Amino acid sequence: MGTLAKFETFKKDFLQSLSEDQYRLLEKLTEYSSCIGDFLFRHPEELFYIHENLDKPLLGREKLVKEALELQNIQDNALFSQKLTYFKLKHFSRIVAKDITGKNSLPELTEEYSYLADASFEVCYRKAYEKTKKRYGTPFEQGTGKEAGGCVIALGKHGGLDLNYYSDVDVIYLYSDEGKTDKGISNREFFIETFRLVTTLMSRRNPEGQAWIVDLDLRPEGSKGFLAYSLPAVEFYYWSHGRTWERHMLIKARHSAGDIAVSEDFMRIIKPFVYRKHAGQEVFEEIVELKKLIEEDAKKSIRGEIDLKKSEGGIREIEFTVQIFQLMYGGKIPDLQERSTMKALEKLVRHNLFDRDKGNRLREAYYFLRRLEHLVQIKNCIQTQKFSYSDAPEFAQKMGFSSADEFINTLESYRKNVKEIFEGISPDIDVKLTPLQRFILTKQDEEKAVEYLQSLGFKNPKWAVQIFKSIFFSRLYIELSENSREILFSYIPVLEKELREYPDREDFLLNFSKMMVDGGMLWIFVSALEQNPNLVRFMLNIAKFSDYISDLMSKDRELLDWAFGIEEVPEEKKDFEKELSVISQKLDYVDRLKRLKKIVEVLVSLRYLSKLHRDNPEERLKEINRALSNLADFILEKLYHHFEGKEFAIYSLGKLGSREMNVGSDLDLIFVFKDENSKNRYLKIPQEIVKALTSYSGEGILYNIDLRLRPFGKGGELSPSISFYRNYFEKEARVWERLAWTKARFIAGDESVRKEMDSLINEFLFGTPVDRDFITEAIDMRFRLEGLARETPEEIDIKLGKGGITDIEFLIQTISLKYRKRITNILEGVELFRKNLIDDYLFLREVEARLRMIKGVGMSKIYRNSPFLYRIAHSFGMEPQQLWEKLVSTKKEIREIFLREMKILKEGA
């Protein structure tokens, strides 16, 4: 029985009470929509409301929300849903009545209907929020301590104020931030419960039917995702996992209900994600791929039917046509950032991005198809876009055509126009992205990114893709400003070129990512890209050259502030005191010294690296030697006083003794007590100092200690008395020890011990002449050390190997002893005695310094096929083979000079 027939059978008196206009309206409504007819049969009085409002203005969002909020105090949820459905059907009937009587345009009516959905969400959210609050307590944001808020974001046609008469309402539920309620419940749990209730209130079936069907599948991670997301979580999701289709979907996102401030924050978050300045061919291609999938789905339809939305020439093709241009140009032309499809189309025409004639044809087709879609949906009150050709006569009449043939011809003409326009789209692509950029932008075609990185030379390109993801999908990247993200994204091709041209690209990329993400330097790098190209080059050089510095800065973010926050590098005692004073007092004292050492080593190394391309290697080397030697002196002096040292002194041989400390240098220490009584009383103090120097903690280690140069080597006593040394020097010491002790230098301790020990050392060094036997034994000792190096044609030891640094040290120490001139610093000795060796010595010392700086440990061996050789060569502006050949020729020259000079010394002895 038709609805009007039911009125005639059961409510004849009602029909007879109607005016002619009212009767015709009821007749038309029941003809067009069975569900509206059923609603009016249940509530005939609403026909008068509808009739009265036919010629009145539309209500708009504010009035609809105000009316909806009158339902808020209904306590029973089932009754609330019933009243909400009544509210929805009443205004839905009013809107449809205006539609079929031609009182308002389609855009005006779909906007009103979208606001009707907003009003429903608003009352449901407020009711659900208050109810959850009573149960779980008030939610507070963890960051600000303010009360947390939630919102409903409208998507799809609902978001575009273009909602279908029988359509799901696509939404996302959001809340401002993580945190807890005053009853200890997490904000996530609170808002999931709130929005679960919102969905239930909106969609629960009841005697009036069902108010709305809520679709949450467009939320992050779809049906597998959480019901509600915090703003930080959703921001991270879109920037790290968001796909092109999600950008396409978010074009229409807008505030629907709840806390408008949360919605506004969300809109700020997604705007740069949706509308990017870099949007090229990949956007066009991917949306076409999405469309193909939709078309394939539409082809499965029954014969004799078309899908007005999904088929060729359908509504979605029009929407896609417009949105392709919005995604491609909206980042550069903010005016195109428009939710309404038709308004966006008008703007595209206005900005000369779309042909005016084609724009007119699309607009006409869109309104025709949307009106037909609505008529199909309200006929049986179902969500469908399927039109059956067998119904053509009925819809021809409703659409105002004189015949079914005219109607069908018009429909097919519009579809043909839409299809031709869509297939003919070829936007001007002004940005050609690399495969890696494309993957980062779209989160698709990872395989092509892998292939591309392989072509750049990566041995494990899948690993490299993961490293790039750790940078560009990181929270640090997401938290950059929109402009900063664009700057960094634009830099990717330059970084790719750097990686292609640098053979040790795996370590370079790993160091770069550690510094940028783990070390938190991303914002500094982006700022440098914009303002300071020299700083960019400097930071890249760190990543290329030093795993050690990169690793330190990635593990200790405070070093970042030190590295880029002070102008002068600390290198004197007063500087170290100042820096130590600002290191957290909460740390153990030794750990504070370790922190100081890390800071100074990083700053000294950074200064050294910043001067790699200057022409003064002597100044560069002296700076790093002086600062690191002074630092070791300072730390030893601090430890001496910290452990209340008494009646003994600390001396150093080796690199610290000669003030030539480098990154990774160990300490050759000598402890000397005043006498046996002093040793017996304070013996544990040197042991405590050694323990503090060598113990590991969260701050690392201070220094490794080499005790091989003390009397009897490792097996000897740690801290003998002066009398022991007097006896040892007179009776036990060998020739090589006399050479080693030329570097002996007082570091800290008892001044009376220092005075007596210095006199003893001078007597040991210069008390007997340097004769032929001494020189012969010195040469033999040098050859024995050379044998320990075990060099091969593929391996060079720049320190102990043939013609290495040790050749020069032995020569200068021998000359110093012969001429009774105590010089602890080898470079000073070279400058004084053998200037012809300065360039060779500086070159080897610089190679050694750079080699040690790579890993932060003492290394002196280089392999021909080692990536370290390339790194060092690159730092000198050489090719690896060039550096190798220079090392070989330099060592050969040094060996020749060493043998010649030692022979002359021997013959003159």
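Because the structure is predicted, anything quoted here is derived from the model rather than measured.

Colleague: For this particular structure, what's the right way to read the nonpolar core?
Modeller: General note: in soluble globular proteins, nonpolar side chains tend to be found buried as a group. Ranked by internal contacts, the top residues of the largest apolar core, which has 193 residues, are Tyr 238, Leu 250, Phe 266, Leu 693 and Trp 741. If we skip the residues at most four places from it in the chain, Phe 266 touches Ile 153, Leu 174, Leu 231, Val 234, Tyr 238, Leu 250 and Ala 253. Leu 18, Tyr 49, Ile 378 and Ile 425 belong to the second-largest nonpolar core, a separate cluster that totals 112 residues.

Colleague: Looking at this structure, I do not really get the sheet that holds strand S10 (residues 648-653). What am I missing?
Modeller: Hydrogen bonding along the main chain pairs the strands of a sheet, whether they run parallel or antiparallel. Spatially, S11-S10-S12 is the arrangement adopted by the three strands of the open sheet, whose pairing is antiparallel. Edge strands, defined here as strands with exactly one partner in the open sheet, are strand S11 (668-673) and strand S12 (745-749). Each strand axis lies, on average, 30° off the axis of its neighbour in the sheet, ignoring direction. Judged from the four bridges that link them, S10 and S12 form a sheet pairing that is antiparallel. By the bridge assignment for S12, Tyr 651 is matched with Phe 746.

Colleague: Any chance you could explain the pattern of salt bridges here in plain terms?
Modeller: Two side chains of opposite charge can pair, provided their charged atoms sit close to one another. Counted under the stated rule, the structure contains 71 salt bridges. Here Asp 758 and Arg 754 are joined by a salt bridge, their closest N and O atoms 3.7 Å apart. Pair noted here: Asp 758 and Arg 754 are both in helix H38 (residues 751-766), with a separation of four residues, about one helical turn. Within the structure, one salt-bridge network assembled from shared partners comprises Arg 61, Asp 118, Glu 122, Arg 126 and Arg 254.

Colleague: For this particular structure, what's the right way to read the layout of surface pockets?
Modeller: Once rolled over the atoms, a probe with the size of a water molecule shows which space is left empty. Its volume calculated, the second largest pocket comes out at about 680 Å³. Of all elements in the fold, only helix H9 (156-159), helix H12 (244-250), helix H14 (281-298) and helix H15 (315-329) reach the threshold of two or more residues within the lining of the second largest pocket. Residue composition of the lining of the second largest pocket, grouped by class: six nonpolar, seven polar and nine charged.

Colleague: Could you clarify how one ought to interpret the pairing of S11 in this entry?
Modeller: In the case of a regular strand, side chains alternate between the two sheet surfaces. Where burial is concerned, most of S11 is hidden: six out of the six residues are buried. Here six bridges tie S10 to S11, and the two strands are oriented antiparallel to one another. Considered in S11, the bridge of Tyr 651 is made with Ile 670.

Colleague: Hey, could you run me through the side chain of Ser 311 in this one?
Modeller: Along the chain, Ser 311 falls in the loop between strand S8 (305-307) and H15. At 2.6 Å, the side chain of Ser 311 and the backbone oxygen of Asp 307 are in polar contact.

Colleague: Please explain empty space enclosed by the protein as it appears in this structure.
Modeller: Across all of its chains, the model carries four cavities of 30 Å³ or more by this definition. The calculated volume of the largest cavity comes to roughly 120 Å³. For the largest cavity, the lining is made up of 14 residues, of which Trp 239, Arg 276, Leu 441, Tyr 477 and Phe 489 are closest to its centre. Secondary structure elements with two or more residues in the lining of the largest cavity: helix H20 (435-442) and helix H24 (482-501). If you tally residues by element for the lining of the largest cavity, the top one is H24, at four residues. Of the volumes computed, that of the second largest cavity is approximately 60 Å³. As for the second largest cavity, its lining consists of Tyr 502, Asn 541, Lys 544, Phe 545, Leu 612, His 613, Arg 871, His 874 and Ser 875. Secondary-structure elements contributing two or more residues to the lining of the second largest cavity are helix H27 (533-545) and helix H43 (867-876). Tallied by class, the residues present in the lining of the second largest cavity amount to three nonpolar, four polar and two charged.

Colleague: How do you make sense of the packing of aromatic side chains when you look at a structure like this?
Modeller: The geometry of two aromatic rings is summed up by the distance between their centres and the angle between their planes. Taken as a whole and judged by the stated rule, the model has 54 aromatic pairs. Seen from their ring centres, Trp 239 and Phe 273 are 5.8 Å apart, and the 70° between their planes marks the pair as edge-to-face. Pair noted here: Trp 239 is in helix H11 (residues 231-241) and Phe 273 is in helix H13 (residues 260-274), with a separation of 34 residues, a long-range link. Residue Trp 239 shares its accessibility class with Phe 273, and that shared class is buried. Taken together, a centroid distance of 6.4 Å and an interplanar angle of 25° make the contact between Tyr 819 and Phe 833 stacked. In this pair, Tyr 819 sits in the loop between helix H40 (805-818) and helix H41 (826-833) while Phe 833 sits in helix H41, placing the two residues 14 residues apart along the sequence. Classification of Phe 833 by relative accessible area gives buried; the value is 16%. Between Lys 88 and the ring centre of Trp 212, over which it is positioned, the NZ or CZ distance is 4.0 Å. The ring of Tyr 608 has Arg 620 lying over it, and the distance from NZ or CZ to the ring centre is 5.9 Å.

Conventions we followed
Residues numbered from 1 in each chain as written. Predicted model: local features only at pLDDT ≥ 70, side-chain atom pairs only at ≥ 80, totals over all residues. Heavy atoms only, no water. Core = buried A, V, L, I, M, F, W, Y, C linked by side-chain atoms within 4.5 Å. Buried < 20%, exposed > 50% of the residue type's maximum accessible area, 1.4 Å probe, protein only. Contact = heavy atoms within 4.5 Å. Pairing = 2+ DSSP bridges. Helix = DSSP H or I, 4+ residues; strand = E, 2+ residues; numbered from the N terminus. Axes fitted to C-alpha atoms, helices over the stretch in contact; angles between N-to-C directions. Salt bridge = Lys/Arg side-chain N within 4 Å of Asp/Glu carboxyl O. 1 Å grid on protein atoms, 1.4 Å probe; cavity = no way out; pocket = protein on both sides within 12 Å on 5 of 7 lines; lining within 4 Å. Points joined across faces, edges and corners; volume = space filled by probe spheres on them. Nonpolar A, V, L, I, M, F, W, Y, C, P; charged D, E, K, R; others polar. Polar contact = N/O pair within 3.5 Å; in protein donor to acceptor, adjacent residues only side chain to side chain. Phe/Tyr/Trp six-rings, centres within 6.5 Å; stacked < 30°, edge-to-face > 60°. Lys NZ or Arg CZ within 6 Å of the ring centre and 35° of its normal.

As far as function goes, none of this settles anything; it's purely spatial.
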